[in-house]
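As a plain string of letters, each chain reads:
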Amino acid sequence: MLYAIISEDVEDSLEKRKTARSDHLARLEQLLDEGRLILAGPHPAIDANDPGPAGFTGSLIVAEFESLQAAQDWADADAYIAAGVCQSVIVKPFRKTLPN
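Below is a short write-up of the structure. Given the structure is predicted, the values throughout are model-derived calculations rather than measurements. (Residues numbered from 1 in each chain as written. Predicted model: local features only at pLDDT ≥ 70, side-chain atom pairs only at ≥ 80, totals over all residues. Heavy atoms only, no water.)

**Examining the sheet that holds strand β4 (residues 86–94)**
The criterion, for reference: The pairing criterion for strands is at least two bridges between them, as found by DSSP. Put simply, DSSP H or I for four residues or longer makes a helix, DSSP E for two residues or longer makes a strand, and each gets a number counted from the N terminus. Interaxial angles span 0 to 180 degrees and are taken between N-to-C directions of axes, which are lines fitted to C-alpha atoms, for helices over the stretch in contact. Note on contacts: a residue pair is in contact if any heavy atoms of the two residues lie within 4.5 Å.
Strand order in the open sheet formed by four strands is β2-β3-β1-β4, and the pairing between neighbours is antiparallel. Strands with a single pairing partner mark the edges of an open sheet, and in this sheet they are β2 (37–44) and β4. In this sheet, neighbouring strand axes are inclined to one another by 10 degrees on average, regardless of whether the strands run parallel or antiparallel. Two elements, strand β1 (residues 2–9) and strand β3 (residues 56–64), share seven bridges in a ladder whose sense is antiparallel. Counted as the bridge partner of A4 is V62 from β3. The sheet contacts of helix α1 (residues 14–33) involve β1, β2 and β3, and relative to β3 the element is tilted by about 10 degrees. In this fold helix α2 (residues 68–76) packs onto β1, β3 and β4, with an angle of close to 155 degrees to the strand it touches most, β4.

Rendered as structure tokens:
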């Protein structure tokens, strides 16, 4: 089943994100290689693809896991959690409707 992992960053998270980004992306690449990643990306703090020093306010990941607990465990082990980037993370089931 698919699960959405929705995170909210702490204030001024940009430097923490930069520190943990390579480890965070490596885990996403593994999901991609396994054919389980649907989409992933950050929420820019301003209306721009590259927000520069404004940074980001959180992230969204949609991926396939065997259970809600497996998705939660994966999210809990993320490098952004360890680096203190996230103030909250919600993991919940997701049903893709469109596009087919």
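**Let's talk about the environment of R21**
Within the secondary structure, R21 sits in helix α1. When the C-alpha positions of R21 and A40 are compared, they lie 13 Å apart, and in sequence the two are 19 residues distant.

**Structural notes on the pattern of salt bridges**
Pairing of side chains with opposite charge becomes possible as their charged atoms draw close. Using the following cut-off: One side-chain nitrogen of Lys or Arg within 4 Å of one carboxyl oxygen of Asp or Glu is enough to make a salt bridge. Relative accessibility decides the category of a residue: with a 1.4 Å probe and only protein chains considered, values under 20% of the type maximum give buried, values over 50% give exposed, and everything between is partly exposed.
For the structure shown, the criterion picks out four salt bridges. R17 is paired through a salt bridge with D9; the nearest N and O atoms lie 2.6 Å apart. Assigned by exposure class, R17 and D9 land together as buried.

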